Amino acid sequence: MGSQDEHTDGTGRRALLGAAMFGAGGAVLGLSGTARAATAGSAGHGGGLKSLPVPTIIGHRGASGYRPEHTFGSYQLALDLGADIVEAGDLVPTRDGHLVCRHEPEIGGTTDVADHKEFADRKKTKVLDGVSTTGWFTEDFTLAELKTLRAIERIPANRPHNTLYNGRWEIPTFEEVLKWQDEQTRRRGKQVWIYPETKHPTYFRGLGLGLEERVAKLLHKHGKARRNSPVILQSFEPTSIQRLNKLVDNPLVVLLSAANTRPWDFVATGDPRTVADLITPKGLREIAGYAQGIGPTLDLVITKKADGSLDTETTLVTDAHKVGLILHPYTMRNENPFLPAEYRKGTDADAYGDAFGAFKRYFATGIDGVFTDNADTGVLAREDFVNG
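Because the structure is a prediction, the values reported are computed rather than measured.

### Focus: helix α8 (residues 238–247)
- Burial in α8 covers these residues: P238, S240, I241 and L244. End-on view of α8: buried residues confined to an arc of 155°, all on one side of the axis.

Laid out in structure tokens, this is it:
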């Protein structure tokens, strides 16, 4: 997700939106992007979240608008395009307990596993968070076996150009990502940030492959488990974030899906609450007790009408900021089908709409940043917004 704000001359009101206190750190997030970056630079204290520009541009699964997601090709390009943070990666385990970066444990849609006859018998149907899912699952492969596979484009109908890169990159491990982060930080002369997510933690804990302990072990091993470490951890399961809160001191973010949904850990434990309950002032206060931010779907920030156009701006940004939480909503994409209806141009599924208009509308709500598949578009949109 991300962050936002601006200053005087017609944009002064933006400086007031999101003038939130940032938890125990006490950093005011209401400065303009330029002033905020300057202040953060002088503040020092080892950086931490306060060092990030506002609104923060987060490369969603890397630069997945241009390269197959969760590959070093995608991660690298996100940095080249100016992303402040790279979402590297969505963490799922192998059979032998290693953490790898895949959007889902089912890898039929993101790798060439279907072309590997030696793995034909690994195809299975499983119930994943209540949904019957057929394919190949990371927990049925050793790391060595997964390393023989190559990544492919997940949504070729929207991104036919990305299929050019099918087969070029392997599946990264989380440990490789942590080493890559250090190497890129040295090479670029500035701190590279990552934003990993624990995927389906309740499901994997049930298989004896608990994610949080494995994540914490690697972060401690690489000296990246501190409050100011450039690693933000996120999950759709609040109990996963609560577990991580006991294991590491990293900034933590609770992801929030549609208002009428329930986190799977709530379903599994009989907790009747929905996301709508979590985004009430009471729910947000509770989250602020163990996390530093939330990652809501954009529809929780501005609701949509039945035709897919934007409707009502909610009080979520204000309510979250009141209890010291930052907001990094997801996901901005340039292609028509992913944009609010009024920002689409034509009907082609792979054509770009008015992404800049959509970015501007969301930034104006006071969000602290945004996940985007197109970091370069996000960076330019932020420049327009901060200097507008």
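### Comments concerning the pairing of strand β16 (residues 310–313)
- In this structure, strand β15 (residues 302–304) lies alongside β16, joined through 2 bridges in antiparallel fashion. Bridge assignment links I302 to a residue of β16, and that residue is E313.
- Between the end of β15 and the start of β16, which pair antiparallel, lie 5 residues, with G308 showing a positive phi angle near 90°.

### What about unusual backbone geometry?
- Residue P55 is bonded to the preceding V54 through a cis peptide linkage, with omega at -5°.
- By the secondary structure assignment, P55 is in the loop between α2 (33–43) and β4 (56–59).
- The peptide bond linking Y330 to T331 adopts the cis configuration, its omega dihedral lying at -15°.
- Locating T331 in the fold gives a position in the loop between β17 (326–327) and α13 (355–363).
- Even without being a glycine, H70 presents a positive backbone phi close to 50°.
- On the accessibility criterion, H70 (0% relative accessible area) is buried.
- The backbone of D129 sits at a positive phi, close to 50°, despite the residue not being glycine.
- Structurally, D129 is set in the loop between β8 (124–128) and β9 (131–135).

What counts, and at which threshold
Residues numbered from 1 in each chain as written. Predicted model: local features only at pLDDT ≥ 70, side-chain atom pairs only at ≥ 80, totals over all residues. Heavy atoms only, no water. Buried < 20%, exposed > 50% of the residue type's maximum accessible area, 1.4 Å probe, protein only. Helix = DSSP H or I, 4+ residues; strand = E, 2+ residues; numbered from the N terminus. Arc of directions from axis to C-beta. Pairing = 2+ DSSP bridges.

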